[in-house]
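Summary of the model geometry
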Amino acid sequence: MQLALRRDPGPISTPISPRLEMGAYEAMWLRDGAWFTNIAETFAAQADALPSDFVPRAEAARCAGEVLRIFKEAGIDRFGVRINHAGDYPSKLRHAKHPVEFLYYRGVWELIETRSVAVVGARKPSPEGIARATKLARALAERGFTVVSGLASGIDTAAHGAALAAGAPTIAVIGTPLSDCYPRENRELQERIAREYLLISQVPVLRYRQQKPPQNRYFFPERNITMSALTEATVIVEASDTSGTLTQARAALHQGRKLFILNSCFERSGLTWPARFEQQGAIRVRDFDDLWRALG
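This report concerns the structure included in the present document. (Residues numbered from 1 in each chain as written. Predicted model: local features only at pLDDT ≥ 70, side-chain atom pairs only at ≥ 80, totals over all residues. Heavy atoms only, no water.)

**Comments concerning the packing of aromatic side chains**
Applying the stated rule across the entire model yields 19 aromatic pairs. Between Phe71 and Tyr104, the ring centres sit 5.7 Å apart and the planes meet at 75 degrees, which makes this aromatic pair edge-to-face. On the criterion of sequence distance, the pair formed by Phe71 in helix 3 (residues 57-73) and Tyr104 in strand 4 (residues 102-107) is long-range, its members being 33 residues apart. The two residues Phe71 and Tyr104 agree in class, both being buried. Here the aromatic rings of Phe288 and Trp292 are separated by 6.2 Å at their centres, their planes lie at 65 degrees, and the arrangement is edge-to-face. Note that Phe288 and Trp292 are positioned in helix 13 (residues 288-295) at a spacing of 4 residues, about one turn of the helix. Three or more aromatic residues link up through ring pairs in this structure, and these residues are Tyr25, Trp29, Trp35, Phe36, Phe71, Phe79, Phe102, Tyr104, Tyr208 and Phe219. We note Lys135 situated over the ring of Phe288; from NZ or CZ to the ring centre the distance is 5.8 Å. Of note, Arg284 hangs over the ring of Phe266, and the distance from its end group to the ring centre comes to 4.1 Å. (Phe/Tyr/Trp six-rings, centres within 6.5 Å; stacked < 30°, edge-to-face > 60°. Helix = DSSP H or I, 4+ residues; strand = E, 2+ residues; numbered from the N terminus. Buried < 20%, exposed > 50% of the residue type's maximum accessible area, 1.4 Å probe, protein only. Lys NZ or Arg CZ within 6 Å of the ring centre and 35° of its normal.)

**Considerations on the pattern of salt bridges**
Taken as a whole and judged by the stated rule, the model has 10 salt bridges. With a closest N to O distance of 3.0 Å, Arg106 and Glu191 form a salt bridge. Within this pair, whereas Arg106 is found in strand 4, its partner Glu191 is found in helix 6 (residues 187-196), the two being separated by 85 residues in sequence. Overall, the relative accessible area of 25% leaves Glu191 in the partly exposed class. Its salt-bridge partner being Arg293, residue Asp290 comes within 2.5 Å of it at the nearest N-O pair. Note that Asp290 and Arg293 are positioned in helix 13 at a spacing of 3 residues, about one turn of the helix. (Salt bridge = Lys/Arg side-chain N within 4 Å of Asp/Glu carboxyl O.)

**Notes on the pairing of strand 5 (residues 116-120)**
On a regular strand, one side chain projects to one face of the sheet and the next to the other, so that they alternate. Within strand 5, 5 of the 5 residues are buried, which leaves the element mostly enclosed by the surrounding structure. Side chains of strand 5 alternate between two faces, with Ser116, Ala118 and Val120 and Val117 and Val119 buried alike. Of the strand pairs in this sheet, strand 5 and strand 6 (residues 146-149) are connected by 3 bridges, and their pairing is parallel. Among the inter-strand pairings, Ala118 is bridged to a residue of strand 6, identified as Val148. Where the polypeptide runs from strand 5 across helix 4 (residues 127-142) and back to strand 6, its parallel neighbour, the crossover connection is right-handed. (Pairing = 2+ DSSP bridges. Right-handed = clockwise from strand over helix to strand, strands pointing away.)

**Thoughts on the pairing of strand 10 (residues 258-262)**
Counting buried positions along strand 10 yields 4 of 5 residues, so the element is predominantly enclosed. Inspection of the sheet shows strand 9 (residues 233-236) paired to strand 10 by 4 bridges, in the parallel sense. Residue pairing for strand 10: Ala233 is matched across the bridge by Lys258. Traced from strand 9 through helix 10 (residues 245-255) to strand 10, the parallel crossover comes out right-handed. Pairing geometry for strand 10 and strand 11 (residues 283-285), over 3 bridges, is parallel. What sits directly across from Ile261, in strand 11, is Arg284.

**Some words on helix 4**
Spanning 16 residues, helix 4 covers 23 Å between terminal C-alpha atoms, matching the ideal 22 Å at 1.5 Å per step. Residues Gly129, Ala133, Leu136, Ala137, Ala139, Leu140 and Ala141 constitute the buried set of helix 4. The elements touched by buried residues of helix 4 are strand 5, strand 6, helix 5 (155-165), strand 9 and helix 13. Gly144, located one to two residues past helix 4, shows a positive phi value of around 90 degrees. (Expected span 1.5 Å × (residues − 1). Contact = heavy atoms within 4.5 Å.)

**Some points on the environment of Trp35**
Mapping Trp35 onto the fold places it in the loop between helix 1 (18-29) and helix 2 (36-45). Residues Trp35 and Phe219, 184 residues apart in the sequence, show an inter-C-alpha distance of 9.7 Å. Dropping the residues within four chain positions of it, Trp35 is found in contact with Trp29, Arg207, Tyr218, Phe219 and Glu222.

**Topic: the sheet that holds strand 8 (residues 198-201)**
Judged by pairing direction, the sheet is mixed, and its 9 strands sit side by side in the order 3-4-8-7-6-5-9-10-11 without closing on themselves. The open sheet terminates on both sides in strands that have one partner only, identified here as strand 3 (80-83) and strand 11. Going across the sheet, the axis of each strand differs from the next one's by a mean of 25 degrees, ignoring polarity. By the bridge criterion, 4 bridges tie strand 4 to strand 8 in an arrangement that is antiparallel. Looking across to strand 8, one finds that Arg106 is bridged to Leu199. With respect to the sheet, helix 10 is in contact with strand 5, strand 9 and strand 10, its orientation differing from that of strand 9 by roughly 145 degrees. (Axes fitted to C-alpha atoms, helices over the stretch in contact; angles between N-to-C directions.)

Keep in mind that these numbers describe shape and distance, not what the molecule does.
Here it is as structure tokens:
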């Protein structure tokens, strides 16, 4: 991990330890009832605080050592972190209702500054949905946009795959720690994105290991909120009325991001969410020209 610089109001920036801050962040997550909401509220109450301001140094060091051990066992020898108030933390994350203070990543961090659009949707889409996601991601890549998605089965996998096939960058914002992969069959895809482009996680490693899968599934909708904040727009390809994708739709509108919904979603009988989000400001995409006009 590289040295980060703390941003102080004075003329001098004080060096901080990414390892210490990583361990402190992990320790905060091991406390009873810890979640993104109350952790964000803790930091909101002390606007200039870092994770190490809330955790004893010895505890932070112990947690950091445990994370590094887990990463080493997973074959991860190079990774980076981004901390609010330090280094290249993306200010656009502050647009989230409960912004994350800390991110893990592997790959080319500079991709975060490119124009990017999230392509998301169902884990078990129709064949038509897969085809639409592939065509959309390819078109975005050809226009110079970085395709962002969540590395889930279905639409996400199709979007990442189409960008890679086009030789274009893609960013995966995952709902597991960097050391884990879900679904397992996407391990090779995850490694390729980490190696060639950018893989991002906000999921605390030790808390994830401590919990069972039923509890860990709640990390997935939270990453959708972060994915929306990191991008300038979200496109929903296909989703049911109960899809976790709708978490990202709500986040996009709250954060002032553009929300696009493919016309095919409106044409599916029984779905209520497309019309509801259109009334709230989402843009119906009948053809890709609707996208290009809105994105500029």
